[in-house]
Amino acid sequence: MTTPQSWDARAKAATFFGFTDLPSINERGTVIITHGEGPYIIDTEGRRYLDANSGLWNIVAGFDHEGLTRAAQEQYARFPGYHAFFGRMSDQAVLLSEKLVEISPFESGKVFYTNSGSEANDTMVKMLWFMHAAEGNPQKRKIITRKNAYHGVTAISASMTGKPYNSVFGLPLDGFVHLSCPHYWREGRDGETEAEFTARMGAELEEVIAREGADTIAGFFAEPIMGAGGVIPPSDGYFDTIIPILRKHGIPVISDEVICGLGRTGEMWGCETYGFTPDVIISSKALTAGFFPMGAIILGPEISDRLQRATDAIEEFPHGFTASGHPVGCAIALKAIEVIEGGLLDNVRRLTPAFEAGLQRLSQMDNIGEWRGKGLMGALEAVKDKATKTPFDGSLSVSERIANTCTDHGLICRPLGQSIVLAPPFIATDAHLEEMFDKLEAALKKVFSEVA
Ligand SMILES: *Cc1c(COP(=O)(O)O)cnc(C)c1O
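Rules used in this analysis
- Residues numbered from 1 in each chain as written.
- Predicted model: local features only at pLDDT ≥ 70, side-chain atom pairs only at ≥ 80, totals over all residues.
- Heavy atoms only, no water.
- Helix = DSSP H or I, 4+ residues; strand = E, 2+ residues; numbered from the N terminus.
- Rg over C-alpha atoms; globule rule 2.2 N^0.38 Å.
- Areas by Shrake-Rupley, 256 points an atom, 1.4 Å probe, with all protein chains shown as cover.
- Lys, Arg positive; Asp, Glu negative; His and termini not counted.
- Charge placed at Lys NZ, Arg CZ, Asp CG, Glu CD.
- Axes fitted to C-alpha atoms, helices over the stretch in contact; angles between N-to-C directions.
- Parallel < 35°, antiparallel > 145°, perpendicular 65-115°, else oblique.
- Left-handed = near helix turned anticlockwise from the far one by under 90°.
- Contact = heavy atoms within 4.5 Å.
- Nonpolar A, V, L, I, M, F, W, Y, C, P; charged D, E, K, R; others polar.
- Polar contact = N/O pair within 3.5 Å; in protein donor to acceptor, adjacent residues only side chain to side chain.
- Core = buried A, V, L, I, M, F, W, Y, C linked by side-chain atoms within 4.5 Å.
- Buried < 20%, exposed > 50% of the residue type's maximum accessible area, 1.4 Å probe, protein only.
- Domains from an automatic or database assignment.
- Buried area = accessible area lost by both parts, 1.4 Å probe.
- Salt bridge = Lys/Arg side-chain N within 4 Å of Asp/Glu carboxyl O.
- Pairing = 2+ DSSP bridges.
- Near = heavy atom within 4 Å.
- Right-handed = clockwise from strand over helix to strand, strands pointing away.

A. Highlighting the overall build of the protein chain. A tally of regular secondary structure across the protein chain gives 15 helices and 15 strands. Here the C-alpha atoms of the protein chain give a radius of gyration of 22 Å, agreeing with the 22 Å that 2.2 N^0.38 yields for 452 residues. By its C-alpha atoms, the protein chain is 65 × 60 × 45 Å across when sized along the principal axes. Summed over all atoms, the accessible surface of the protein chain reaches about 19,500 Å², with 53% contributed by carbon and sulfur. Between the mean site of the 41 positive side-chain charges and the mean site of the 58 negative ones, the protein chain shows a separation of 3 Å.

B. Focus on the packing of helix α4 (residues 66-78) against helix α13 (residues 327-362). Running from N to C, α4 and α13 point in directions that differ by 150°, and their axes come no closer than 9 Å. When the axes of α4 and α13 are compared, the pair comes out roughly antiparallel. Crossing handedness for the pair α4 and α13: right-handed. Counting all contacts with α4, which are made through G67, L68, A71, A72, Q75 and Y76, the residues of α13 involved are P327, V328, A331, I332, K335 and A336. Class assignment for the residues of the contact of α4 with α13 results in nine nonpolar, two polar and one charged.

C. Main features of the side chain of H432. For H432, the position within the fold is in helix α15 (residues 430-451). In this structure the side chain of H432 is engaged in a polar contact, spanning 3.0 Å, whose partner is the backbone nitrogen of T429. Apart from the residues lying within four places of it in its own chain, the contact partners of H432 are P39, Y40, L50 and I427.

D. Looking closely at the packing of α13 against α15. Running from N to C, α13 and α15 cross one another at 10°; their axes reach a closest spacing of 11 Å. As far as their axial angle goes, α15 and α13 are roughly parallel. Pair α13 / α15 crosses with right-handed handedness. Two secondary-structure elements touch here, α13 through R350, L351, A354, F355, G358, L359, R361 and L362 and α15 through D430, L433, M436, F437, D438, L440, E441 and L444. The residue inventory of the contact of α13 with α15, partitioned by class, reads ten nonpolar, one polar and five charged.

E. The arrangement of the nonpolar core in detail. In terms of nonpolar packing, the biggest core is built from 99 residues, with L100, F220, I402, L440 and F448 touching the most fellow members. Each of two domains, domain 1 (7-64 + 351-451) and domain 2 (68-339), supplies a minimum of three residues to this core. With residues up to four places along the chain from it excluded, the contact list for L440 reads L362, L380, I402, C406, L411, C413, I420 and L422.

F. Looking closely at the domain arrangement of the protein chain. Taken domain by domain, the protein chain consists of domain 1 (7-64 + 351-451) and domain 2 (68-339). Relative to domain 2, the C-alpha centre of domain 1 lies at a distance of 27 Å. In this complex, domain 1 contributes 29 residues to the contact, which on the side of domain 2 involves 29 residues. Surface buried jointly by domain 1 and domain 2 totals about 2,300 Å² across both partners, of which 67% is contributed by carbon and sulfur atoms. Counting the surface domain 1 buries against domain 2, the share from its top three residues, W57, M377 and K389, is 26%. Summed over the shared surface of domain 1 and domain 2, the result is one salt bridge. The partner of R186 in a salt bridge is E381, and the shortest N-O contact between them spans 3.5 Å.

G. Fine view of the sheet that holds strand β13 (residues 411-412). Strand order in this open sheet of four strands is β1-β2-β3-β13, and the pairing throughout is mixed. Each edge of the sheet is formed by a strand with only one pairing partner; in this case those strands are β1 (33-37) and β13. Of the strand pairs in this sheet, strand β3 (residues 48-51) and β13 are connected by two bridges, and their pairing is parallel. Residue pairing in the sheet places L50 in a bridge with L411 of β13.

H. Seen up close, the site of the ligand. With respect to spatial proximity, the complete set of residues near the ligand consists of S116, G117, S118, N121, Y150, H151, G152, E223, D256, V258, I259 and K285. For the ligand, a nitrogen atom lies 3.3 Å from a polar atom in the backbone of Y150. Protein chains shield 84% of the accessible area of the ligand, which is 380 Å² for the free molecule. Counting residues per element, the shell around the ligand draws most heavily on helix α6 (residues 117-134), which supplies three residues. Looking at the shell around the ligand, its residues break down into three nonpolar, six polar and three charged.

I. Local environment of the pairing of strand β6 (residues 176-179). As judged from the four bridges shared by strand β5 (residues 142-146) and β6, these two strands associate in the parallel manner. Across the sheet, residue T145 finds its bridge partner in β6, namely H178. Crossover handedness for the path β5 to helix α7 (residues 155-160) to β6: right-handed.

J. How the structure looks around the sheet that holds strand β15 (residues 419-422). Read across the sheet, four strands follow the order β11-β12-β15-β14 without closing on themselves; strand pairing throughout is antiparallel. One side of each edge strand has no neighbouring strand; the edge strands of this open sheet are β11 (368-374) and β14 (414-416). Averaged over all neighbouring strand pairs, the angle between strand axes comes to 25°, with direction disregarded. Across three bridges, the pairing between β14 and β15 is antiparallel. Counted as the bridge partner of R414 is V421 from β15. With respect to the sheet, α13 is in contact with β11, β12 (377-382) and β15, its orientation differing from that of β12 by roughly 0°.

In structure tokens form, the structure reads like this:
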């Protein structure tokens, strides 16, 4: 309710909102949160919500994890802040780098820190440009990603993101090439088998490389499962098809594991779920369980050697952020990894069958066209006509209405396109999943009865 002194009025008066639909908050109001308990958030009105999106995929250990809070408090008391320039950095940064290489699929490697996933992708592109130029290939600058991919919002990472909304910024920049989205259910042609679809994705990549010229391409970035694109697992055999093509042309493969990494898909890394080894892993989000802003670039052995040689030649890699490698963030990340390795990853695996069963059950509804997911990330896509996969008219805002109805009943889930996305925290219990599916089912029934 908006009254002049309400939290809602004050939030609206003093906030410039990002990624927020203004007509919705004008009609429904903002949600101003004071604290959390386990997977629940509680707002200024005393309302309690089960957050089935783990914040933005990141608060995987709940909102009041004592071990993480204690790790932060102890590090604040010991050494509250430092940078990682000039060969000076905290002991916590060293410990975290060793740990990240240890849990990575790489035999050896090196880590570079940022404050977000966007900055990590942005930095990685600069690393590739720098490396290729130092190797005598300054023309190797183009970056290949996919339509519907999400890699962030800085000017470079937004250019990598394959979403139409970036046109308001005059993005993408030149030299960012977007392949088709490997979503068989939506993008497959009439009569095309999934194997044929995957082969077509491979053929498209070959054509793009031939058209652009392999000697102009700096690297390929992909999320193992597209997250903000609407939880889109690749078609069967997709990475098995495209990775050899990229290897043949000497194009570095960067796995953007900002969502998939650290357990979300049921393995430590999404690339392990899909059986490929990239050259670089980008991590953020669950890295600190959402308790601190942090991104990490985990360079595999080959790229770290090449970057080291490029840097040795000019004596310095001229790039870094003031707060990256922050000792408190590193201490929290070390604790988060300990907690994930020490039980949360097992819990993701334990919950996955029930999570998939719930998605599958709701996908029986007449107006759900597809369920999809892996581990504890999933989506249900609403359709007007199940047989023809015809979407609802956009003006009906079906997924937004479903999510709003859920919110009214104490469940936070996210509308993305015509899909509802679920990404419960790794600490969830069977009871939390039941509550989530019960509330979602009620909302789906209500909204479909209004629009169908
Ligand atoms: C969220 C996300 C990013 C951007 O991370 P920020 O911390 O929001 O900058 C990049 N890549 C993927 C796959 C993401 O989901």
